[in-house]
Amino acid sequence: MKFVDEFRDGEVARALARTIATELQPGREYRIMEFCGGHTHAISRYGIAELLPAAIRFIHGPGCPVCVLPIGRIDNAIDLATRRGVILCTYGDTLRVPASKGMGQSTERAQHANPNDLHPPEGARGEATPMSLLKAKAQGADIRMVYSSADALKIARDNPQREVVFFAIGFETTTPPTAVAIQAAAREGLTNFSVFCNHVLTPAAIQNILDAPQVRRLGTVPLDAFIGPSHVSTIIGSQPYEFFAEEYQKPVVIAGFEPLDVLQATLMLVRQVNEGRCEVENEFSRAVTREGNRKAQKLVAEVFELRPSFEWRGLGEVPYGALRIHRRYQDFDAERRFGLEYHAVPDNKACECGAILRGVTTPKDCKAFGTVCTPQTPIGSCMVSNEGACAAYYSYGRYRDAAKPEERAA
Amino acid sequence: MSRRSDYLRPVDFKHGLVDLSHGAGGRAMAQLIEELFLAEFDNEYLRQANDQAKLAELKGRVVMATDSHVVSPLFFPGGDIGCLSVHGTLNDVAMCGARPVALSAGFILEEGFALADLRRIVRSMAQAAREAGVPIVTGDTKVVERGKGDGVFITTTGIGVVPEGVEISGDRARPGDAILVSGYLGDHGMAILSLRENLQFATSIVSDTAALHELVAAMLAAVPGIGVLRDPTRGGLATTLNEIARQSGVGMVLEERALPVREEVAAACELLGLDPLYVANEGKLVAICSAADAQALLAAMRAHPLGRDAAIVGQVIEDSQHFVQMETAFGGRRVVDWLTGEQLPRIC
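About the criteria used
- Residues numbered from 1 in each chain as written.
- Chains lettered and ligands numbered in written order.
- Predicted model: local features only at pLDDT ≥ 70, side-chain atom pairs only at ≥ 80, totals over all residues.
- Heavy atoms only, no water.
- Helix = DSSP H or I, 4+ residues; strand = E, 2+ residues; numbered from the N terminus.
- Rg over C-alpha atoms; globule rule 2.2 N^0.38 Å.
- Buried < 20%, exposed > 50% of the residue type's maximum accessible area, 1.4 Å probe, protein only.
- Contact = heavy atoms within 4.5 Å.
- Areas by Shrake-Rupley, 256 points an atom, 1.4 Å probe, with all protein chains shown as cover.
- Buried area = accessible area lost by both parts, 1.4 Å probe.
- Salt bridge = Lys/Arg side-chain N within 4 Å of Asp/Glu carboxyl O.
- Polar contact = N/O pair within 3.5 Å; in protein donor to acceptor, adjacent residues only side chain to side chain.
- Nonpolar A, V, L, I, M, F, W, Y, C, P; charged D, E, K, R; others polar.
- 1 Å grid on protein atoms, 1.4 Å probe; cavity = no way out; pocket = protein on both sides within 12 Å on 5 of 7 lines; lining within 4 Å.
- Points joined across faces, edges and corners; volume = space filled by probe spheres on them.
- Domains from an automatic or database assignment.
- Pairing = 2+ DSSP bridges.
- Axes fitted to C-alpha atoms, helices over the stretch in contact; angles between N-to-C directions.
- Left-handed = near helix turned anticlockwise from the far one by under 90°.

Caption draft 1: Representation of the overall build of chain B within the structure. The secondary structure content of chain B amounts to nine helices and 13 strands. Taking 348 residues into account, the globule formula puts the C-alpha radius of gyration at 20 Å, and chain B, at 21 Å, falls close to it. Judged by the C-alpha coordinates and their principal axes, chain B covers about 70 × 50 × 30 Å. A burial count over chain B gives 55% of its 348 residues as buried. Considering only intrachain contacts with a sequence separation of at least 6, the fraction spanning at least 24 residues in chain B is 84%.

Encoded structure:
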């Protein structure tokens, strides 16, 4: 495939890996966090860590939109689809994320509010299995999988008598399309369309990771460098990372999602570390500029505003780490329209997703990993999305440990 | 068939709609059966107008398979639910090396479904059955109220006979065996996907839906000792190989470079974040045979129109964990796991 195969060339990859190996300083470890799930997926899928010496350690970051969505927000979405009877439009990945076990109760209340509404969910019968959007759908909620915000808009147009809510999640890449949908709805006077906004911001999360005590007090989670986001950076540009390079003295290389991009970025980071440089470099120059996509930024600024605080799964409350819909578009804000209340829900005790998302631990160190928590039966969100560290490792990396239990698992 | 009609007016196949009377057992149902199903499927068994078909005596081990079809949309590039419902069951019968003998067809129709569409579907089934040389010998029609179905669902059942000496089963893969596929992977799934209401994209991909029993017969003529045959439908090649690996208690290693995937399919998968290894096929098979027979089998497959693009794609290995792995074109090795969740509902 043209423009794809070039970035997956095995020969070039091995040559790059050899160059990296020769440039490593003896006795030194290079701990590189790839922020994005897209990079995590590429590293696992193509076996990149296997090509590299053990001194290079990839630490998987929180850049997977499904993974960082806190349970309470999934509960809100289920509530919308069951108790409020809306058509909930969602990306497919979100369907299987486990919500809280208590979700049945809110649906039970719905029984009183609307006796014709739904069959009693499992939770209402006293069984303690976590809900999910998929289960709510099976119980009769009108939940539709969409591939874009435009699909949700079309569903709203086609169902003028129903409330249609788009469950918007994602980083800076998916935010502009949501903004476009909201503006289109405003232009068309679509009164039955609203957005449950869960868009989050990458730089805030990186700062949160760097400010974490485990990272600040060197030792627990030493981080030497960052592979910067790929698609996110096409929107926000490379400029926002300059702060991290300067303030936190961490080199950043923005890289594409193809395996050769990751290897090239690794080489650039190794060189920065070796030379004691802390700069923002751009490996993904075929798509990313310093300023980013000004038009998209303007659009986002028009439709959204910063949330003073937002809970991220794994990171906790992140100040200014997410967006909400600006007052001028408040009619399209599902939180306002339905008066949604947020209740934080703690993770399952056995689940290490939080620590994994912070880079404090690895999937295979979690007791639940591969035993009770698998892609078929996810307990934590990292096992749900194929960009999640656990799912990527489970799908692509397990056999390496089975074959060589002593080997590290990157 | 030219015979005097017992009915005042013929069924209106131009503007008519299915109504509840078409499934009620009365005159309307009898007329629909006569003027549509009997007229199109026409064979000696149906002409007897009994509730069952009496077949001639069958010699050998009889196999039976059934398959329900709920594909959406009903019509897609390269086929429709009609021919798909014939091919699907014929292939299930054929995947143990059997020669299919007869089919049955059960229809669940939704009130309000256009009779024109129904006739188009039935004609497509009739043509597929004729081409396969396997008659549809008995059937059933039910109608559900509007909103309780989705146009039409079709269940077909097939029986067939396994030739003497043929022993094909999912537990017969042995370490050292070769893994072959009969052609390009992922065509059916991507053809369906390209039409989904929220995902329309322009493409030249057409479904590969086809009946494979004649290909199987040609393969068995060349290599009677084929160990495993299976058609990688839902879940694609990856899921099929994982099933076989577990059943046989073996592992497998695929060679990514050897996997036949069309450029268009690979590109569409890339765009949508899908993996062609998990995309459904409806006219492809996987065969596993000893390494010594592999070239002969490949040659036999390539000599048949439905196996023209066949390839040897990997081998069976010893592995207590039953992993299916793949040597990637990139130069690494990765697990090719079971499909999780569903990539796409109602693909067949």
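Caption draft 2: Representation of the overall build of chain A within the structure. If you tally the helices and strands in chain A, you get 18 helices and 11 strands. Residues counted as buried form 58% of the 410 residues belonging to chain A. Carbon and sulfur atoms form 51% of the exposed surface of chain A, whose accessible area is close to 16,700 Å².

Caption draft 3: Local environment of the interface of chain A and chain B. Each partner contributes residues to the interface: chain A has 31 residues there, and chain B has 21 residues. Taken together, both faces of the contact between chain A and chain B bury some 2,200 Å²; the carbon and sulfur share is 54%. In this structure, the salt-bridge partner of Asp275(B) is Arg45(A), at a minimum N-O distance of 3.8 Å. Here chain A is connected to chain B by one residue pair in polar contact (both at pLDDT 80 or more). The element contributing the most residues to the side of chain A that touches chain B is helix α18 (residues 389-403) of chain A, with seven residues. By residue class, the composition of the side of chain A that touches chain B is 17 nonpolar, three polar and 11 charged.

Caption draft 4: Representation of the layout of surface pockets within the structure. All names here are of chain B. Computed from the structure, the second largest pocket encloses a volume of approximately 570 Å³. If you trace the second largest pocket, you find 25 residues lining it, with Ile33, Leu46, Ala49, Asn50 and Gly139 closest to the centre. Those elements giving two or more residues to the lining of the second largest pocket turn out to be α1 (27-41), α2 (44-47), β4 (99-110) and β5 (136-144). It is α1 that contributes the most residues to the lining of the second largest pocket, seven residues altogether.

Caption draft 5: View of the domain arrangement of chain A. All names here are of chain A. Taken domain by domain, chain A consists of domain 1 (68-201 + 292-337) and domain 2 (349-403). Listed as interface residues are eight residues of domain 1 and, on the opposing side, 10 residues of domain 2. Taking both partners together, domain 1 and domain 2 bury about 810 Å²; carbon and sulfur atoms supply 55% of that area. Summed over the three residues of domain 1 that lose the most area to domain 2, namely Arg96, Arg313 and Gly314, the buried surface amounts to 54% of that side. Inspection of the region where domain 1 meets domain 2 yields zero salt bridges. Summed over the shared surface of domain 1 and domain 2, the number is two residue pairs in polar contact (both at pLDDT 80 or more).

Caption draft 6: Here's a closer look at the environment of Gly16(B). Residues and elements named next belong to chain B. By secondary structure assignment, the location of Gly16 is in the segment before α1. Counting along the chain gives 97 residues from Gly16 to Phe113, while the straight-line C-alpha distance between them is 8.7 Å. Residues within four places of Gly16 in sequence aside, it is in contact with Phe113, Ala114 and Leu115.

Caption draft 7: Focus on unusual backbone geometry. All names here are of chain B. Residue Pro73 follows Ser72 across a cis peptide bond; omega there is 0°. Positionally, Pro73 belongs in the loop between β1 (61-69) and β2 (75-76). Despite not being glycine, Ala49 shows a phi value in the positive range, around 55°. Residue position: Ala49 is located in the loop between α2 and β1. Phi is positive for His322, close to 60°, though the residue is something other than glycine.

Caption draft 8: Local environment of the pairing of strand β5 (residues 164-170) of chain A. All names here are of chain A. Burial of β5 is extensive: seven of the seven residues sit out of reach of the surface. Residues Val164, Phe166, Ala168 and Gly170 line one face of β5 and the alternating positions Val165, Phe167 and Ile169 line the opposite face, and both faces are buried. Both strand β3 (residues 87-91) and β5 contribute to a ladder of four bridges, which runs parallel. Directly across from Leu88, in β5, lies its bridge partner Val165. Direction of pairing for β5 relative to strand β6 (residues 193-199): parallel, over a ladder of seven bridges. Bridged to Ala168 within β6 is Cys197.

Caption draft 9: Molecular detail of the packing of helix α6 (residues 213-222) of chain B against helix α9 (residues 294-302) of chain B. Residue and element names in this part refer to chain B. Closest axis-to-axis distance for the α6/α9 pair is 9 Å, and the angle between their directions is 145°. When you trace α6 past α9, the crossing you get is right-handed. Note on element contacts: α9 touches α6 through Ala296, Leu297, Ala300 and Met301, opposite Leu215, Ala218, Met219 and Ala222.

Caption draft 10: Spatial organisation of helix α8 (residues 149-158) of chain A. Among the residues of α8(A), Ser149(A), Asp151(A), Ala152(A), Leu153(A), Ile155(A) and Ala156(A) are the ones counted as buried. Buried residues belonging to α8(A) abut β3, β4 (143-146), β5, α9 (175-188) and β6 of chain A.

Caption draft 11: Inspection of the domain arrangement of chain B at higher detail. All names here are of chain B. According to the domain assignment, chain B consists of domain 1 (20-50 + 60-162) and domain 2 (178-335). Each of domain 1 and domain 2 was reduced to a C-alpha centroid, and the two centroids are 27 Å apart. Across the boundary between the two partners, domain 1 contributes 22 residues, which contact 21 residues of domain 2. For the domain 1 and domain 2 pair, buried surface summed over both sides reaches about 1,600 Å², with 64% attributable to carbon and sulfur atoms. Broken down residue by residue, the surface that domain 1 buries against domain 2 is led by Pro77, Asn91 and Met95, which jointly contribute 35%. Inspection of the region where domain 1 meets domain 2 yields zero salt bridges. For the side of domain 1 that touches domain 2, the elements supplying multiple residues, two or more each, are β2, α3 (81-94) and α4 (115-132). Looking at the side of domain 1 that touches domain 2, the element that brings in the most residues is α3, giving eight residues. A per-class count over the side of domain 1 that touches domain 2 returns 13 nonpolar, seven polar and two charged.

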